[in-house]
Amino acid sequence: MNILFISLGCDKNLVDSEVMLGILAKDGHQMVDDETMADVIIINTCCFIHDAKEESIQNILEMAELKKTGRLKALIVTGCLAQRYKEEIIQEIPEVDAVLGTTSYEEIAHVIDGILSDSPMERGDVRLIMKDVDYLPVTDTHRMVTTGGHFAYLKIAEGCDKHCTYCIIPKLRGNYRSVPMEKLLDQARYLAEQGVKELILVAQETTVYGVDLYGEKSLHKLLKELCKIPGIAWIRVLYCYPEEIYPELIQVMKEESKICHYLDLPIQHASDAILKRMGRKTNREMLEEKIAALRAAIPDIAIRTTLICGFPGETPKQHEELMEFINETEFDRLGAFTYSPEENTPAATFDNQVDESVKEDWQADVMELQEEIILDKNETMVGQEILVMIEGKVADENAYVGRSYRDAPDIDGLVFVNTDTELVSGDFAKVHITGAYEYDLIGELI
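Residues numbered from 1 in each chain as written. Predicted model: local features only at pLDDT ≥ 70, side-chain atom pairs only at ≥ 80, totals over all residues. Heavy atoms only, no water.

This part is about the nonpolar core. Of all hydrophobic cores here, the largest spans 61 residues; its most connected members are I156, L201, L219, L222 and L226. The biggest single contributor to this core is helix α8 (residues 181-193), with seven residues. (Core = buried A, V, L, I, M, F, W, Y, C linked by side-chain atoms within 4.5 Å. Buried < 20%, exposed > 50% of the residue type's maximum accessible area, 1.4 Å probe, protein only. Helix = DSSP H or I, 4+ residues; strand = E, 2+ residues; numbered from the N terminus.)

Structure below.
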């Protein structure tokens, strides 16, 4: 069968998509990128915030129209939206043949066989596949990497125990479950054999990896083992809750040359009152101390964060607290989002919801300040030599685009490299930085 796969949402969802693609390829199916040529369309959905939910619904409705052409035999919806709105999808979009929850993706080949069966009973049996939300899917099928081949995400855990008041993820993805270390190392070795040079560790939270399996935080142990794998040159860690950063983790980052001096700390805000209403386990003083400790131990570390603007009850004064904190802290990378009230979360019922226009104004304030900060930081890079992973060629120019250790794919800046030398995606190049922009750098191949 010709299968079109649409993966929406976060990098953790992308890993699930790549696992499904691997299962389908092993089952003999062919992948296509033209919906008019597809016998089966699978949409792995997201519904973390309102915009993601709308994008998922729009994709389902657009693909459902193809059922009318006669070519499309099966439309399957998986992922977070499927988990959250399973009954609504089945009742309101009859063109959808099957709905799979967040822990059911290993059943994808079985579901396709059932949909295409001549037996109405078999088709009915696969209409809705929902396993316990705390089940940890187990599949030994190798993933089909879709990120270009030179970097890949390694999802080290599923679910979350934090229960922040704005977040629906624990209800959709279950409690925190670490993937056994031996399985992660097997995955990483396979990815390295396929040419992957950068591993990016992801989870709803990476810093408490192993507590449920081994009785203690074990991210540092996993990192040490990953560093032993030939072919892996960079290892990057995302989604570290600041209160869970611990000494052994910092030490292994200092000691192991393969671990990028980069850490993603999604702090969400800096006002103690707002952090408390969010259900976060930090306060401003703790954040300041943790960031200072990281920078003292690893002076060249790039710290990234994400923030929520316009949380219920946030006042102009608390917004100014956040702006002051950003100005003082000078994050190396930062993203800001307007608060999105999600049904079945405590924050959606809070009093004093902030007007959308105010949220957008505050988000613009944050990003304007951050643009100034990062431009200043980038200008200090001019004249330096840095190592860049090449991502591709700039069309019609003798130039390439890549990333430094300070840049995670798709969310951070780029380095443009001028050279007549032919380079290949995944190559590492030494670059002399000659110019700086708000988010990107420009340089010449050494």
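On to helix α10 (residues 219-227), then. Burial in α10 covers these residues: L219, H220, L222, L223, L226 and C227. Seen from one end, α10 has its buried residues packed into an arc of 160°, which puts them on one side. (Arc of directions from axis to C-beta.)

A word on the environment of A297. Mapped onto the elements of the fold, A297 is located in helix α13 (residues 284-297). Residue classification places A297 among the partly exposed positions, given a relative accessible area of 24%. On a C-alpha basis, the gap between A297 and K254 in space is 7.6 Å, while along the polypeptide they are 43 residues apart. With residues up to four places along the chain from it excluded, the contact list for A297 reads I250 and K254. (Contact = heavy atoms within 4.5 Å.)

In terms of burial, strand β10 (residues 198-202) is a largely internal element, five of the five residues being buried. Of the two faces of β10, the one holding E198, I200 and V202 and the one holding L199 and L201 are both buried throughout. Inspection of the sheet shows strand β7 (residues 151-155) paired to β10 by five bridges, in the parallel sense. Its bridge partner being in β10, Y153 is matched across the sheet by I200. Taken together, the four bridges between β10 and strand β11 (residues 234-237) define a ladder with parallel strand orientation. Bridge pairing in β11 links E198 to W234. (Pairing = 2+ DSSP bridges.)

Here the focus is the sheet that holds strand β1 (residues 2-7). Spatially, the six strands line up as an open sheet ordered β2-β1-β3-β4-β5-β6, and their pairing is parallel. With one partner strand each, in any of the chains shown, β2 (30-31) and β6 (128-129) form the two edges of the open sheet. Pairing of strand β5 (residues 98-100) with β6 involves two bridges; the strand directions are parallel. Counterpart to L100 in the pairing with β6 is I129.

A few words now on the side chain of H29. Tracing the backbone shows H29 in the loop between α1 (11-26) and β2. What makes H29 buried here is its relative accessible area of 10%. Dropping the residues within four chain positions of it, H29 is found in contact with M1, I3, L24 and I112.

This brings us to the environment of D27. Following the sequence through the fold, D27 ends up in the loop between α1 and β2. The spatial distance from the C-alpha of D27 to the C-alpha of M63 is 23 Å, given a sequence separation of 36 residues. Discounting chain neighbours no more than four positions away, the residues touching D27 are A109 and D113. At a separation of 3.4 Å, a polar atom in the side chain of D27 contacts the side chain of H29. (Polar contact = N/O pair within 3.5 Å; in protein donor to acceptor, adjacent residues only side chain to side chain.)

This part takes up the packing of α10 against helix α11 (residues 247-255). Orientation of α10 relative to α11, taken along the N-to-C sense of each, is 20°, at an axis distance of 8 Å. The orientation of α10 relative to α11 falls into the category roughly parallel. The two elements α10 and α11 cross, and the hand of that crossing is left-handed. Here α10 contributes L219, H220, L223 and K224 to the contact with α11, which in turn contributes E248, L249, V252 and E255. In the contact of α10 with α11, the residues fall into four nonpolar, one polar and three charged. (Axes fitted to C-alpha atoms, helices over the stretch in contact; angles between N-to-C directions. Parallel < 35°, antiparallel > 145°, perpendicular 65-115°, else oblique. Left-handed = near helix turned anticlockwise from the far one by under 90°. Nonpolar A, V, L, I, M, F, W, Y, C, P; charged D, E, K, R; others polar.)

The subject of this paragraph is the pattern of salt bridges. Under the criterion given, the structure shown has 36 salt bridges. Of the charged contacts, one joins E391 and R403 as a salt bridge, the two residues approaching to 3.3 Å between their closest N and O atoms. Residue E391 is located in strand β15 (residues 385-393), and its partner R403 is located in strand β16 (residues 399-403); the two are separated by twelve residues in the primary sequence. Connected through salt bridges with shared partners, the residues K162, E205, K217, E243 and E244 form a single ionic network. (Salt bridge = Lys/Arg side-chain N within 4 Å of Asp/Glu carboxyl O.)

It is worth spelling out empty space enclosed by the protein at this point. Tallied over the full model, the rule gives two cavities of 30 Å³ or more. The computed volume of the largest cavity comes to approximately 40 Å³. Looking at the largest cavity, the residues that line it are N13, D16, M20, N44, T78, G79, G101, T102, Y105 and R173. Mapped by element, the contributors of at least two residues to the lining of the largest cavity are α1 and β4 (74-79). (1 Å grid on protein atoms, 1.4 Å probe; cavity = no way out; pocket = protein on both sides within 12 Å on 5 of 7 lines; lining within 4 Å. Points joined across faces, edges and corners; volume = space filled by probe spheres on them.)

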